[in-house]
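Letter by letter, the chains look like this.
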Amino acid sequence: NDTIVFIKEFDVVNPDVHQRAFVISSIREPCDHYLSLWAYGSTGKGAFQRNVDGFGKDAPYFDSVRDIDAFRHDWLGNREIKGMIARRHHQSFGKNRLEDTNADNKLDGYPVDCWVYVDDFDATMYSCLREYE
């Protein structure tokens, strides 16, 4: 299939899209994802910063003892945050679990042909592009 479809972060990858296009999606470690959301919210951006306490105060790096404590105890402990990465993943891909991996350490049963793992971006992106060829 030679169709490219760009799907935004909060949109859904449904079976129709998967039938029309070779789907490449990225996935990252949940801890990295949480830290990224917290850091982004600490700059005053994003929807979470309006509804959740515990963002960093000491810009630009938000790495003070006070900020680290706020992240670990206030932000991660918030009801709105717990399980949020799994909920976002389920919304996007229609699956409840991230543990569905096969022998090649690929996620099975998702409407995705190839995954780009953020922690190994270059190699997995290259692999996906080769698979797309």
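Residues numbered from 1 in each chain as written. Predicted model: local features only at pLDDT ≥ 70, side-chain atom pairs only at ≥ 80, totals over all residues. Heavy atoms only, no water.

**Comments concerning helix α2 (residues 30–42)**
Cut-off, in case you're wondering: Strands are runs of DSSP state E lasting at least two residues, helices are runs of H or I lasting at least four, and both sets are numbered from the N terminus onward. To estimate how far a helix should extend, the number of its residues minus one is multiplied by 1.5 Å. Buried, partly exposed and exposed residues are distinguished by accessible area as a fraction of the type maximum, computed with a 1.4 Å probe on protein chains only: under 20%, between the cut-offs, and over 50%, respectively. Contacts were defined at the residue level, with two residues in contact if any of their heavy atoms lie within 4.5 Å.
Over its 13 residues, α2 extends 18 Å from the first C-alpha to the last, a length consistent with the 18 Å expected when each residue adds 1.5 Å. For α2, every residue scored as buried is listed here: His33, Tyr34, Leu37, Trp38, Gly41 and Ser42. Contact partners of the buried residues in α2: α3 (48–51), α4 (65–75) and α5 (84–93). Directly beyond the C-terminal end of α2, a positive phi value near 90 degrees is found at Gly44.

**Some points on the side chain of His33**
Inspection of the secondary structure puts His33 in helix α2. On the accessibility criterion, His33 (17% relative accessible area) is buried. Look past the residues within four positions of His33 in its chain and what remains in contact with it is Arg28, Ile85 and Arg88.

**Thoughts on the packing of α2 against α5**
If you want to describe how two helices pack, look at the angle between their axes and the distance between the axes. Going by this rule: Note on method: axes are straight lines fitted to C-alpha atoms, helices fitted across the in-contact stretch only, with angles between N-to-C directions ranging 0 to 180 degrees. Note on angle classes: values under 35 degrees are labelled roughly parallel, values over 145 roughly antiparallel, values of 65 to 115 roughly perpendicular, and the remainder oblique. Each residue is assigned to one class: nonpolar for Ala, Val, Leu, Ile, Met, Phe, Trp, Tyr, Cys and Pro, charged for Asp, Glu, Lys and Arg, and polar for all the others, Gly among them.
In contact at an axis separation of 10 Å, α2 and α5 are set at 100 degrees when each is read in the N-to-C sense. Of the possible angle classes, the one that applies to α2 and α5 is roughly perpendicular. When α2 is examined against α5, the residues Pro30, His33, Tyr34 and Leu37 are found in contact with a partner set consisting of Met84, Ile85 and Arg88. In the contact of α2 with α5, the residues fall into five nonpolar, one polar and one charged.

**Things to note about the environment of Arg20**
Considering the arrangement of structural elements, one finds Arg20 in helix α1 (residues 15–20). Sequence-wise, Arg20 and Ile4 are 16 residues apart; in three dimensions their C-alpha atoms are separated by 8.8 Å.

**Regarding the confidence of the model for the protein chain**
We count it as follows: On a range of 0 to 100, pLDDT expresses the predictor's confidence in each residue.
Per-residue confidence for the protein chain gives a mean pLDDT of 83, with 88% of residues at or over 70. Confidence, expressed as mean pLDDT per element, reaches its minimum in the protein chain at α3 with 75 and its maximum at α4 with 96.

**Comments concerning the packing of aromatic side chains**
What counts is decided by this rule: Two rings from Phe, Tyr or Trp (for Trp, the six-membered ring) form a pair when their centres are within 6.5 Å of each other. A pair whose planes differ by under 30 degrees is stacked, one over 60 is edge-to-face, and the rest are tilted.
Following the criterion strictly, the structure yields six aromatic pairs and no others. Measuring from ring centre to ring centre gives 5.4 Å for Phe22 and Tyr132, while their planes differ by 55 degrees; the resulting arrangement is tilted. Taken as a pair, Phe22 in the loop between α1 and β1 (24–27) and Tyr132 in helix α6 (residues 121–132) lie far apart in primary sequence, 110 residues in all. Looking at Phe22, the relative accessible area reads 18%, which means it is buried. Judged by its relative accessible area of 29%, Tyr132 falls in the partly exposed class. Between Phe71 and Trp75 the ring centres are 5.8 Å apart and the planes differ by 20 degrees, which places this aromatic pair in the stacked class. Note that Phe71 and Trp75 are positioned in helix α4 at a spacing of four residues, about one turn of the helix.

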